[in-house]
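Reading the structure
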Amino acid sequence: MSHDDPTHGAGDLFVIGATHRTAPLAVREQLALVTKSPAVVHAELAAIPEVREFTVLSTCNRLEFYGVAADAAAVERAQAAFCALQGFEPAEFQKFRLQLRGRDAVLHLLEVASGLDSQMLGETEIFGQVKEAYAAAQAGGFTGAVLNRVFQKAFQAAKHVRTHTAITAGQVSVANVAVDLALTIFGSLAEARILVLGTGEIGEKTARAFKSRGATGLAVASRRLERAAELAAELGATAFAFEERAGRLADFDVVVCSTAAPAAILDRTVAAAAMRRRPARPLFLIDLAFPRDIDPAVAELENVFLYNLDDLAKIAEENRVAREAEISRCRALLEERAGTLWRHVEGLLAGGRSAGGPTQAVRSPV
Amino acid sequence: MLAGLTDRQWLWGAAGFYLAGLLLGVVSMLRSGKPSGVATYALLVVGYLAQFVGLGLRGRAEGGCPLGNPLEICQFTAWSAITLYLAIGVTFRSSLLGTFTATFAAGLTLLSLAVPAWDATRRSHIFGGNPWIEFHAALALFSYGVFALLALTSSMFLLRHYSLKSKHLGGWFSFLPSILDLDHIGVRLLVAGVVLLGAALAVGSVYWVRDPDSVGVLKLAATVAVWAAYTVALGLRWRSRLLARRFAWTCLALFAAALLSLGPVDSSRHPDTDPSPRRAAGLSPR
């Protein structure tokens, strides 16, 4: 069976859509289901009788329709219906379109769920997004024997790849690398007290990364106290005046600096004074500012660990390279699973055809 | 003999399992870049049980705790360290602590078995049939096992500290526990060791007061010095005078001194007791 022939036999598994690999951001913005709820798209697709099963996956990096269609024309009708809904010219959509069928569609889903097709290689957020998309379609009764099988096996494959390869090892963003380092020092963030000095974008991102990974004791200090209070409110943190930083330094375990100050705002004397008040507890200083906020001589102090933007970026880059080195191993694992799964799906599709109707359980709640 | 194996064969078996745990940890790190946590733990459990049988056979032959020669002292110390690892190691199972403990246990047990002189003779009835003296000796050696584990966690602390300061965080370093966890476990082990050795000395002192000649001066001085040094280290740690790297280095240095003290302690035990050949003590030939 050819996977490239768009006109071949009835009852085929397909995926159509646009991803960060096929479409630029401006196009993805137009295609994104921002103003339309997935339920509206589900209703549009459900109105096409030849589309037997479907699931819509919409993230910032991709919009994909996975489905089982009676024929190639049904796939085109589904695409036309979506373009009409979004007000997007079908001919224009063709330019950016990802279209895969059969085994290739299966392999694509496995790679997407495993984070192999993500812009940030190996990220795990996509796994949850695929799960949510599948759950929504399943709840609406839009999945049947084929998609249920394919998605459930995709989740198993993604877990297998994450467990047996290093594709998710190490963080690849500066903010998450900083959080990982804090865990390397403190073991847990539950009791760690974190101070964010400055409200620059990267500092804010890092603060959010700490918050999302379980940190609760956050505080923000900035020259603009109202901005510090604003960010603190968003983070569920406390805010205080920038001038108090030196006196309160000893109260914190992690300090994230990202101010626009032209010279260092934390020097060795201040840090040494803070350490004298908390000698048994390490102090982790993260300098994300340019020019640097923290005097490099602070790193010489016992129990003080200082990392600047370059240090974190270097670690993130090393992790990214390590993840890329795992791609071939992951692909080999997923190819094998996709092959086995596709053979099983072919049987299901053949069963659906011989029965002369939709695959089992389609469009009824499972 | 048990299951057709002599006490030494059981002990060799135990050493083999500890060595296998070490090799497995190293090979796993080289091949997959991560420690074989569960497998190493399982090998240490099997080795621990084999060593328990080996030491048990010796204890039965002796009719008391098997601490009659350097081999038995080394074996008992390694066994104590493994006991503690099995108790606290669950928390660190996926880290390198298992491989570190396997290294220590394999090294000490293999060395003790490989030196014929250490098991050529053994003192029998060294406790004079007094279970309290036996308890004192066992407790003292168990505390050495605690200090051994403290030395291992201190080594891990120094490696973790180096990795954080030098910003080399990948590879083997990524499997070290957090620096704060290592510091906390170090303090807890130090407290446990000081309390255990202190209790052992307290029990021993009751009999020493009754009969000062029963304990050699060298032994008395060495054991009290070891306990006092660890107690001072603990006091300084509590007062935040001995922290981080200095604390870790101190724990390593003290353990080296404690190991060296075993020589004078063993040689000055019961100077009036004649060494008896191993066969006469009911043990298997080497």
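Throughout this description, residue numbers start from 1 for each chain and increase along the sequence as written. Throughout, the order in which chains and ligands are written sets their labels, letters from A for the former and numbers from 1 for the latter. The predicted nature of this model means local features are confined to residues of pLDDT at least 70 and side-chain atom pairs, given and counted, to a pLDDT of 80 or more, with totals for whole chains, interfaces and linings taken over all residues. No hydrogens and no water enter the side-chain calculation; it runs on all heavy atoms of the structure.

Only DSSP runs of H or I with at least four residues qualify as helices, and only runs of E with at least two residues qualify as strands; both kinds are numbered from the N terminus onward. When its secondary structure is counted, chain A shows 14 helices and 10 strands. On the principal axes, the C-alpha backbone points of chain A span a range of 80 × 40 × 35 Å. We call two residues in contact whenever any of their non-hydrogen atoms come within 4.5 Å of each other. In chain A, the proportion of contacts linking residues at least 24 apart, taken out of those at least 6 apart, comes to 73%. Carbon and sulfur atoms make up 54% of the accessible area of chain A, which totals about 15,400 Å². Here the positive residues are Lys and Arg and the negative ones are Asp and Glu; neither His nor the chain ends is included. By convention, the point assigned to a charge is CZ for Arg, NZ for Lys, CD for Glu and CG for Asp. Charge separation in chain A, taken as the distance between the mean sites of 40 positive and 44 negative side-chain charges, equals 4 Å. Note on areas: Shrake-Rupley with a 1.4 Å probe; residue coverage comes only from the protein chains shown.

Okay, the sheet that holds strand S8 (residues 254–257) of chain A next. All names here are of chain A. Note on pairing: two strands pair once DSSP finds at least 2 bridges between them. Here we have 6 strands laid out as an open sheet, ordered S7-S6-S5-S8-S9-S10, and parallel in their pairing. Since the sheet does not close on itself, it has two edges, and those belong to strand S7 (238–241) and strand S10 (304–308), each with one partner. Averaged over all adjacent pairs, the angle separating strand axes in this sheet is 20 degrees, with direction ignored. Of the pairings in the sheet, the one linking strand S5 (residues 193–197) to strand S6 (residues 217–222) comprises 5 bridges and is parallel in character. Its bridge partner being in S6, Arg193 is matched across the sheet by Gly217. Helix axes use the C-alpha atoms of the stretch in contact, all axes being lines fitted to C-alpha atoms, and the angles between their N-to-C directions lie in the range 0 to 180 degrees. Packing of helix H10 (residues 225–235) onto the sheet brings it into contact with S6 and S7, and relative to S6 it is tilted by some 160 degrees.

Let's shift gears to the packing of helix H8 (residues 174–186) of chain A against helix H13 (residues 309–325) of chain A. Residues and elements named next belong to chain A. It is at 9 Å that the axes of H8 and H13 come closest, and there the two elements cross at 95 degrees. One finds that H8 runs roughly perpendicular with respect to H13. Between H8 and H13, the contacting residues are Val174, Val177, Ala178 and Leu181 on the first element and Leu309, Leu312, Ala313, Ile315, Ala316 and Asn319 on the second. Residues are grouped as follows: nonpolar covers Ala, Val, Leu, Ile, Met, Phe, Trp, Tyr, Cys and Pro; charged covers Asp, Glu, Lys and Arg; every other residue, Gly included, is treated as polar. Residue composition of the contact of H8 with H13, by class: 9 nonpolar, 1 polar and no charged. Throughout, the term roughly parallel applies to angles under 35 degrees, roughly antiparallel to angles over 145, roughly perpendicular to angles from 65 to 115, and oblique to all others.

The next point concerns the interface of chain A and chain B. Contacts between chain A and chain B engage 22 residues on the former and 18 residues on the latter. Summed over both partners, the accessible surface that disappears when two parts come together, traced with a 1.4 Å probe, is what is meant by buried area. Buried surface at the junction of chain A and chain B, both sides included, amounts to about 1,500 Å², of which 58% is carbon and sulfur. When the buried surface of chain A facing chain B is broken down by residue, A:Thr184, A:Glu302 and A:Phe305 rank first, second and third, together holding 33% of it. When a carboxyl oxygen of Asp or Glu is within 4 Å of a side-chain nitrogen of Lys or Arg, the pair counts as a salt bridge. Remark: the boundary between chain A and chain B carries 2 salt bridges. N or O atoms within 3.5 Å of each other form a polar contact, as long as, within protein, one can give a hydrogen and the other can take it, and as long as residues adjacent in sequence are counted only when both atoms are side-chain atoms. At the junction of chain A with chain B, the criterion picks out 10 residue pairs in polar contact (both at pLDDT 80 or more).

Per the stated rule, a full pass over the model turns up 31 salt bridges over all chains. Among the ionic pairs, A:Glu204 bridges to A:Arg227, the shortest N-O distance being 2.9 Å. Of this pair, A:Glu204 sits in helix H9 (residues 201–212) while A:Arg227 sits in helix H10, and the two are 23 residues apart along the sequence. Exposure class is identical for A:Glu204 and A:Arg227. Each is buried. A:Asp311 is the partner of B:Lys167 in a salt bridge, and the nearest nitrogen-oxygen pair spans 2.9 Å. Here B:Lys167 is found in the loop between helix H5 (131–166) and helix H6 (179–210), whereas its partner A:Asp311 is found in helix H13 on a different chain. Residue exposure (1.4 Å probe, protein chains only): buried if accessible area is under 20% of the type maximum, exposed if over 50%, otherwise partly exposed.

Residues belong to one nonpolar core when they are buried, are Ala, Val, Leu, Ile, Met, Phe, Trp, Tyr or Cys, and are joined through side-chain atoms within 4.5 Å. Of all hydrophobic cores here, the largest spans 113 residues; its most connected members are A:Phe210, A:Phe284 and B:Tyr230. Top element by residues in this core is H5(B). It accounts for 17 residues. Beyond its immediate stretch of four places on either side in the chain, A:Phe210 contacts A:Ala178, A:Val179, A:Ala182, A:Leu189, A:Ile194, A:Ala215, A:Val254, A:Val256 and A:Ile286. Counting 36 residues, the second largest nonpolar core, distinct from the first, contains A:Val15, A:Val112, A:Val130 and A:Ala157.

Residue and element names in this part refer to chain A. In this fold, Ala313 is placed in helix H13. On the basis of relative accessibility, which here comes to 35%, the residue Ala313 falls in the partly exposed class. Along the sequence, Ala313 and Ala175 sit 138 residues apart, while their C-alpha atoms lie 9.4 Å from each other.

Right, let's get into the packing of helix H3 (residues 70–88) of chain B against H5(B). All names here are of chain B. One way to put it is that H3 packs onto H5 with a least axis distance of 7 Å and a crossing angle of 60 degrees. Viewed along their axes, H3 and H5 adopt a mutual orientation that is oblique. Helix-helix and strand crossings are classified by hand; for H3 and H5 the assignment is right-handed. Contact with H3, carried on its side by Ile73, Phe76, Thr77, Ser80, Ala81, Thr83, Leu84, Tyr85 and Ile88, involves Ala138, Leu141, Phe142, Tyr144, Gly145, Val146, Ala148 and Leu149 of H5 and no other residues of that element. Here the residues of the contact of H3 with H5 are counted per class, giving 13 nonpolar, 4 polar and no charged. The handedness criterion is simple: a crossing whose near helix is rotated anticlockwise from the far helix by less than a right angle is left-handed, and one whose near helix is rotated clockwise is right-handed.

A separate point is the confidence of the model for chain B. All names here are of chain B. Residue-level confidence of the predictor is what pLDDT reports, using numbers from 0 through 100. On average, residues of chain B score 83 in pLDDT, and 85% of them reach the 70 mark or higher. Confidence, read as mean pLDDT per element, is least for strand S2 (residues 276–277) in chain B (50) and greatest for helix H7 (residues 217–238) (91). Segment residues 271–275 is flagged for pLDDT under 50; beyond a separation of four residues in sequence, or across chains, it makes 4 contacts in the model. Across the interface, the model reports ipTM at 0.76; the global pTM reads 0.74.

This part takes up the packing of aromatic side chains. Within 6.5 Å between ring centres, the rings of Phe, Tyr and Trp (the latter by its six-membered ring) count as paired, and their orientation is classed by plane angle as stacked under 30 degrees, edge-to-face over 60, tilted in between. Summed over the entire model, instances satisfying the criterion amount to 18 aromatic pairs over all chains. Ring centres of A:Phe65 and A:Phe82 lie 4.8 Å apart, and the angle between their planes is 65 degrees; on these two criteria the pair is classed as edge-to-face. Separated by 17 residues along the polypeptide, A:Phe65 in strand S3 (residues 62–69) and A:Phe82 in helix H3 (residues 72–86) bring together distant segments of the chain. You'll find A:Phe65 and A:Phe82 in the same group, each marked buried. Ring centres 5.8 Å apart and planes at 40 degrees place the aromatic pair B:Phe76 and B:Trp79 in the tilted group.

Here we take up the sheet that holds strand S2 (residues 51–59) of chain A. Hydrogen bonds along the backbone pair up the strands of a sheet, which may run parallel or antiparallel. All names here are of chain A. One open sheet accounts for 4 strands, arranged S2-S3-S1-S4; its pairing is antiparallel. For this open sheet the edge positions go to S2 and strand S4 (98–101), each flanked by a neighbour on one side alone. With strand direction ignored, the average angle separating the axes of adjacent strands in the sheet is 15 degrees. Pairing analysis gives 8 bridges linking S2 to S3, with the strands arranged antiparallel. Directly across from Glu53, in S3, lies its bridge partner Val68. Packing against the sheet, helix H6 (residues 125–139) makes contact with S2 and S3, and its axis sits at approximately 145 degrees to S2.

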